[in-house]
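Single-letter residue listing:
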Amino acid sequence: MTTAASHASRRRFIKISVTGLAAAPFAAALLSGTARAVDAVSESDPTAVSLGYKADATKAPARKDSAAVCSTCALYSGKPGAGDGPCSLFGGKLVNAKGWCTAWAKKA
Ligand code: SF4
């Protein structure tokens, strides 16, 4: 390998390294966004449909108790004040704190 070829190769390596380092935070943000989307329960999920899950409890016609929302449900383990949290009925997938389904059970 000549000196000129060696310098060109080193420059190319540095360019690729710098580009990779610059792109890393964006890749991490994209991946975490994707993972979060996958983890949220969709109203069209077959289990959600069978349980009448609505991300907005006020849109659930079977709901009779106005205090019944996911954040007051025994199966919800989201942090107080969070917009969503895991539901054990959905295997830990995220449900809306203001959501509701027919399996709602008052938190003790
Ligand atoms: S089981 Fe409770 S926390 Fe889970 S979706 Fe139904 S109401 Fe919400």
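Residues numbered from 1 in each chain as written. Predicted model: local features only at pLDDT ≥ 70, side-chain atom pairs only at ≥ 80, totals over all residues.

Trainee: Go over the overall build of the chain, please, and point to the residues and values.
Mentor: Across its full length, the chain holds two helices and two strands. Listing every helix and strand of the chain by position from the N terminus yields α-α-β-β. When each of the 108 residues of the chain is scored for burial, the buried share is 21%. Pairs at least 24 apart in sequence give 55% of the contacts found in the chain among residues at least 6 apart. (Helix = DSSP H or I, 4+ residues; strand = E, 2+ residues; numbered from the N terminus. Buried ≥ 20, exposed ≤ 12 C-beta atoms within 10 Å, placed from the backbone. Contact = placed C-beta atoms within 7 Å.)

Trainee: Give a description of the site of the ligand that names residues and reports values.
Mentor: In the region of the ligand, 13 residues are neighbours, and Cys70, Cys73, Tyr76, Cys87 and Cys101 sit closest. Taken together, the residues of the shell around the ligand sort by class into twelve nonpolar, one polar and no charged. (Near = placed C-beta within 6 Å. Nonpolar A, V, L, I, M, F, W, Y, C, P; charged D, E, K, R; others polar.)

Trainee: Quick one: what's the story with the nonpolar core, residue by residue and with numbers?
Mentor: Core analysis: the largest hydrophobic core is formed by 18 residues, its most contacted members being Val41, Cys70, Cys87, Val95 and Trp100. For Cys70, the contacting residues outside a window of four places in its chain are Tyr76, Cys87, Val95, Asn96, Ala97, Lys98, Gly99 and Trp100. (Core = buried A, V, L, I, M, F, W, Y, C linked by C-beta atoms within 7 Å.)

Trainee: Give me the lowdown on the environment of Ala108, citing residues and values where you can.
Mentor: Along the chain, Ala108 turns up in the segment after strand 2 (94–96). Among the residues examined, Ala108 registers 4 C-beta atoms within 10 Å and is labelled exposed. Sequence spacing of Ala108 and Thr72 is 36 residues, and the spatial spacing of their C-alpha atoms is 9.0 Å.

Trainee: Go over the environment of Gly52 with me, naming the residues and quoting the values.
Mentor: Within the secondary structure layout, Gly52 lies in the loop between helix 2 (46–50) and strand 1 (84–86). A tally of 16 C-beta atoms within 10 Å means that Gly52 is categorised as partly exposed. C-alpha of Gly52 to C-alpha of Ala62: the two residues are ten residues apart in sequence and 8.0 Å apart in space. If sequence neighbours within four positions are ignored, Gly52 has contacts with Ala60, Ala62, Cys101 and Thr102.

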